[in-house]
Amino acid sequence: MFGATADAEKTSWDFAAFHALPKATVRADFHCVTKFSMLGNEWCGVAARTVLDLAPPDPGVTHVMVWAEYGYSANLRLDDFADPSTVFATHHDGQPLTLEHGFPVRLVVPHLYAWKGPKWVRAVEYMRADRRGFWEERGYHNRADPWQEQRYSYQEQEGDGPLR
Ligand SMILES: Nc1nc2c(c(=O)[nH]1)N[C@H]1C(S)=C(S)[C@@H](COP(=O)(O)O)O[C@H]1N2
Ligand SMILES: [Mo]
């Protein structure tokens, strides 16, 4: 956790320390923008809420950038990140994540499209203003609510994202 943290310090966990944090299980659907939705997955890991409590943001923080291996990133509103169902998953349907699907840890944000869930997470940056992540810079919708079919940035309304 870095960026605008409450104590202006970085907090990090190694593999063992992260696994020792309180666990959460979330049953959720998975919506890919290009594929059909995968319904009824069970994700187990550490709730984003738990991480927020352990390494809180500065009061001015409005968004986070979730950083992953290979330069991937996804931006989220703080309230989407703080949603009780947002989880840093280590297990899917009872099995450790496979390398392909994000081992050792991936973010799952069940109420948003799947590109908002980086695999192979490295860090979370607290931000005082919104900034586009990897796909959001390349034409995908900044918020990505599947129930509103927010797939592409040309669908964005005033307030959905920073200017391009
Ligand atoms: N690090 C990283 N995370 C990523 C991606 C990526 O390219 N790199 N792709 C995203 C997209 S577009 C989708 S649809 C899902 C796919 O997850 P899956 O491979 O487990 O099905 O991962 C998301 N997380
Ligand atoms: Mo995707």
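In the nomenclature of an unreviewed UniProt entry, the protein chain corresponds to Oxidoreductase from the organism Kitasatospora cheerisanensis KCTC 2395.

Caption draft 1: A look at a nonpolar patch on the surface. A cluster of nonpolar side chains, namely Phe15, Leu99 and Phe103, defines an oily patch on the protein surface of about 320 Å² accessible area. Structurally, Phe15 is set in helix H1 (residues 15-19).

Caption draft 2: Spotlight on the pattern of salt bridges. Throughout the structure, instances matching the rule amount to twelve salt bridges. A salt bridge links Asp58 to Arg128, with the nearest nitrogen and oxygen atoms 3.5 Å apart. Residue Asp58 is located in the loop between helix H2 (48-54) and strand E4 (63-68), and its partner Arg128 is located in the segment after strand E9 (121-127); the two are separated by 70 residues in the primary sequence. Given the relative accessible area of 54%, Arg128 is considered exposed. Where Asp80 meets Arg143, a salt bridge forms, and the shortest distance between an N and an O atom there is 2.7 Å. On the criterion of sequence distance, the pair formed by Asp80 in helix H3 (residues 78-81) and Arg143 in the segment after E9 is long-range, its members being 63 residues apart. Across the pair, exposure class does not vary: Asp80 and Arg143 are buried alike.

Caption draft 3: Highlighting the pairing of strand E6 (residues 87-92). Pairing analysis gives five bridges linking strand E3 (residues 38-47) to E6, with the strands arranged antiparallel. Opposite Cys44, over in E6, you have His91 as the bridge partner. Note that E6 and strand E8 (residues 106-108) share three bridges and pair antiparallel. Bridge pairing in E8 places Ala89 opposite Arg106. As defined by bridge partners, E6 adjoins strand E7 (residues 95-96) across two bridges and the pair is classed as antiparallel. Paired with His92 across the two strands is Gln95, which belongs to E7.

Reading the values: rules and limits
Residues numbered from 1 in each chain as written. Chains lettered and ligands numbered in written order. Predicted model: local features only at pLDDT ≥ 70, side-chain atom pairs only at ≥ 80, totals over all residues. Heavy atoms only, no water. Patch = residues over 30% accessible without salt bridge, like charges linked within 9 Å, V, L, I, M, F, W, Y side chains within 5 Å. Areas by Shrake-Rupley, 256 points an atom, 1.4 Å probe, with all protein chains shown as cover. Salt bridge = Lys/Arg side-chain N within 4 Å of Asp/Glu carboxyl O. Helix = DSSP H or I, 4+ residues; strand = E, 2+ residues; numbered from the N terminus. Buried < 20%, exposed > 50% of the residue type's maximum accessible area, 1.4 Å probe, protein only. Pairing = 2+ DSSP bridges.

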